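The residues making up each chain are set out below.
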Amino acid sequence: MTPTGLYVPLITPFDARDEVDQEALTRLADRVLADGADGLVALGTTGEPHALSATEQRAVLDTLGAACRRHRAGFMVGAHTAEDLRALAGHPGVTAALCLVPPFLRPGEEAVLAHFARLAEVSPVPLVAYHVPYRTGQALSAGALRRLADLPQVVGVKHAVGGIDADTIALLADPPPDFAVLGGEDAYLSPLLALGAHGGIVASAHLATADYAALVAAWRDGDATRARPLGHRLATLSAALFAEPNPSVIKAVLHAQGRIPTPTPRPPLLPATAQATAAALACAEQVAGPPALVR
């Protein structure tokens, strides 16, 4: 399965007792899938997996897996070790695992390729590499990404390099077959789609989901006249939602809209400031309007 289209990495809502609110999570999942998302990501960075217990993580997987089955949607799960991957065999409906390039050590491209080859051997599901060099410290060239695409079970990359660089251009000028390039930098989604990306993993799509889905569809159809202004508008929203560490502002906006019970993330993150929340709310209201047609 090659994941394409719009995937939303869901936040984890907490109630007033700081417990995971499964009902709010179900409502969020159903809403974004009904509004045009092609799939969900569980336990991505946006979902604060670092702050969830093992029991909470399993409950989140069960809730989001059930939503994806109801909507016949893709279901990707953040899993970065062989142990994490093996555990996915017990969760029906998982269509891919999102695996981070090894962080901090900067082991080099050859070691990264060897790492993913080892993970692919034990994984019960296909892998999507999460390439975010400004967090991991490990850059990957277009050539390395092509070699990654040649590995069995590796079906895509979440591309989050902080913008669009020479390797981005080189990769999308001659993309590997049956290998999805998914935009992971929300503000750069539209230009990446214009270059030929296959979709995106977009936290901003908690808001204006139908518009983000329409943006993916417009670039897929080659409708630049429709895509350009929509992309500019959504990039402004993404910038406002990422004005402070993710997912603080997204949670604050969802709470202000009455969609989750509290706006608070767990430590070490802090709640969004009043200024960032107000700016993002205003931007969300400007972007809203009639839902865009998803074809």
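Placed above this text is the structure.
Computed from a predicted structure; not experimentally measured.

**Let's talk about the overall build of the protein chain**
Okay, step 1: In terms of helices and strands, the protein chain carries 12 helices and eight strands.
Okay, step 2: For the protein chain, the C-alpha radius of gyration of 18 Å lies close to 19 Å, the compact-globule estimate for 295 residues.
Okay, step 3: Structurally, the protein chain occupies a C-alpha span of about 45 × 45 × 35 Å along its principal axes.
Okay, step 4: Once local pairs closer than 6 in sequence are excluded, the contacts in the protein chain between residues at least 24 apart make up 69%.
Okay, step 5: Averaging the positions of the 22 positive and the 28 negative side-chain charges in the protein chain gives two centres separated by 3 Å.

**Quick look at the layout of surface pockets**
Okay, step 1: Counted as a void, the largest pocket has a volume near 710 Å³.
Okay, step 2: Taken together, 28 residues make up the lining of the largest pocket; nearest its centre are Leu-43, Pro-49, Gln-57, Gly-78 and His-80.
Okay, step 3: Elements with a minimum of two residues in the lining of the largest pocket: helix 2 (54-71), strand 3 (74-78), helix 3 (82-87), strand 4 (96-100) and helix 5 (133-136).
Okay, step 4: When residues of the lining of the largest pocket are assigned to their parent elements, the largest contribution, four residues, is made by helix 2.
Okay, step 5: For the lining of the largest pocket, the residue count by class is 15 nonpolar, nine polar and four charged.

**Section: the sheet that holds strand 6 (residues 154-159)**
Okay, step 1: One closed barrel accounts for eight strands, arranged 1-2-3-4-5-6-7-8; its pairing is parallel. Between one strand axis and the next, the sheet turns through 25° on average, direction left out of account.
Okay, step 2: As paired elements, strand 1 (residues 5-9) and strand 2 (residues 39-42) share three bridges and run parallel to each other. Each residue of the ladder has a partner; that of Pro-9, found in strand 2, is Val-41.
Okay, step 3: Taken strand by strand, helix 9 (residues 209-220) contacts strand 1 and strand 8 (199-201), and its axis lies near 145° from that of strand 1.

**Side note on the packing of aromatic side chains**
Note on aromatic pairs: each is described by the distance of the centres and the angle between the planes.
Okay, step 1: In total, this model carries zero aromatic pairs according to the counting rule given.
Okay, step 2: Looking at Lys-158, its charged tip hangs above the ring of Tyr-130, at a distance of 4.2 Å from the centre.

**Looking at helix 1 (residues 22-34)**
Okay, step 1: Over its 13 residues, helix 1 extends 18 Å from the first C-alpha to the last, a length consistent with the 18 Å expected when each residue adds 1.5 Å.
Okay, step 2: Packed against the buried residues of helix 1 are strand 1, strand 2, helix 2, helix 9 and helix 11 (248-256).
Okay, step 3: For helix 1, the capping residue at the N-terminal end is Asp-21, with a side-chain oxygen 3.2 Å from the backbone nitrogen of Glu-23.
Okay, step 4: Just downstream of helix 1, Gly-36 is the residue with a positive phi angle, here 120°.

**Quick look at the packing of helix 1 against helix 2**
Okay, step 1: Orientation of helix 1 relative to helix 2, taken along the N-to-C sense of each, is 30°, at an axis distance of 10 Å. As summarised for this structure, helix 1 and helix 2 are arranged roughly parallel, according to the angle between their axes. Between helix 1 and helix 2 lies a crossing of right-handed hand. Taking contact as the criterion, the partners of Gln-22, Leu-25, Thr-26, Ala-29, Asp-30, Leu-33 and Ala-34 in helix 1 are, on helix 2, Ala-59, Val-60, Thr-63, Leu-64, Ala-67, Cys-68, Arg-70 and His-71.
Okay, step 2: Looking at the contact of helix 1 with helix 2 residue by residue, the classes come out as nine nonpolar, four polar and two charged.

**Remarks on the pattern of salt bridges**
Okay, step 1: Going through the model one piece at a time under the given rule, you end up with nine salt bridges.
Okay, step 2: A salt bridge links Arg-31 to Asp-35; the nearest nitrogen and oxygen atoms lie 3.2 Å apart.
Okay, step 3: The class for Arg-31 is partly exposed, based on a relative accessible area of 42%.
Okay, step 4: The partly exposed category is assigned to Asp-35, whose relative accessible area is 28%.
Okay, step 5: Each of Asp-15, Arg-17 and Glu-19 takes part in one network of salt bridges that share partners.

The rules we used
Within every chain, residues take consecutive numbers counted from 1 along the sequence as written. In keeping with the predicted nature of the model, local features appear solely for residues at pLDDT of at least 70, side-chain atom pairs appear and are counted solely at 80 or more, and the whole-chain, interface and lining totals rest on all residues. With hydrogens and water excluded, all non-hydrogen atoms of the structure serve as input to the side-chain values. The helix count covers DSSP runs of H or I at least four residues long, the strand count covers runs of E at least two residues long, and both are numbered beginning at the N terminus. Radius of gyration here is computed from C-alpha atoms only, and the compact-globule reference equals 2.2 Å multiplied by the residue count raised to the power 0.38. Residue contacts are counted whenever heavy atoms from the two residues lie within 4.5 Å of one another. Neither His nor the chain termini are counted; the positive set is Lys and Arg, and the negative set is Asp and Glu. By convention, charge coordinates are those of NZ in Lys, CZ in Arg, CG in Asp, or CD in Glu. Within this scheme a cavity is a closed region of a 1 Å grid, computed over the protein atoms alone, that accommodates a 1.4 Å probe without allowing it to escape, whereas a pocket is open but has protein on both sides within 12 Å along at least five of seven lines; lining residues each have an atom within 4 Å of a point. Grid points are joined across faces, edges and corners, and a volume is the space filled by probe spheres set on the points. Put simply, Ala, Val, Leu, Ile, Met, Phe, Trp, Tyr, Cys and Pro go in the nonpolar bin, Asp, Glu, Lys and Arg in the charged bin, and everything else, Gly too, in the polar bin. Pairing between strands requires that DSSP locate at least two bridges from one strand to the other. Axis lines are fitted to C-alpha atoms, over the contacting stretch for helices. Their N-to-C directions set the angle, which ranges from 0 to 180 degrees. The rule is short: rings of Phe, Tyr and Trp, with Trp giving its six-membered ring, pair when the centres are within 6.5 Å, and they are stacked under 30 degrees, edge-to-face over 60, tilted in between. For a Lys NZ or an Arg CZ to count as sitting over a ring, it must be within 6 Å of the ring centre and within 35 degrees of the ring normal. To estimate how far a helix should reach, multiply one less than its number of residues by 1.5 Å. Under the rule applied, a polar contact is a pair of N or O atoms within 3.5 Å (in protein, one hydrogen donor and one hydrogen acceptor; residues adjacent in sequence only if both atoms are side-chain atoms). Throughout this description, any angle smaller than 35 degrees is read as roughly parallel, any larger than 145 degrees as roughly antiparallel, any in the 65 to 115 degree range as roughly perpendicular, and the remainder as oblique. Here a crossing is called left-handed whenever its near helix is offset anticlockwise from the far helix by less than a right angle, and right-handed whenever the offset is clockwise. Here a salt bridge means any side-chain nitrogen of Lys or Arg lying within 4 Å of a carboxyl oxygen belonging to Asp or Glu. The buried label applies to any residue whose accessible area, calculated with a 1.4 Å probe on protein chains only, is under 20% of its type's maximum; exposed applies above 50%, and partly exposed to all values in between.

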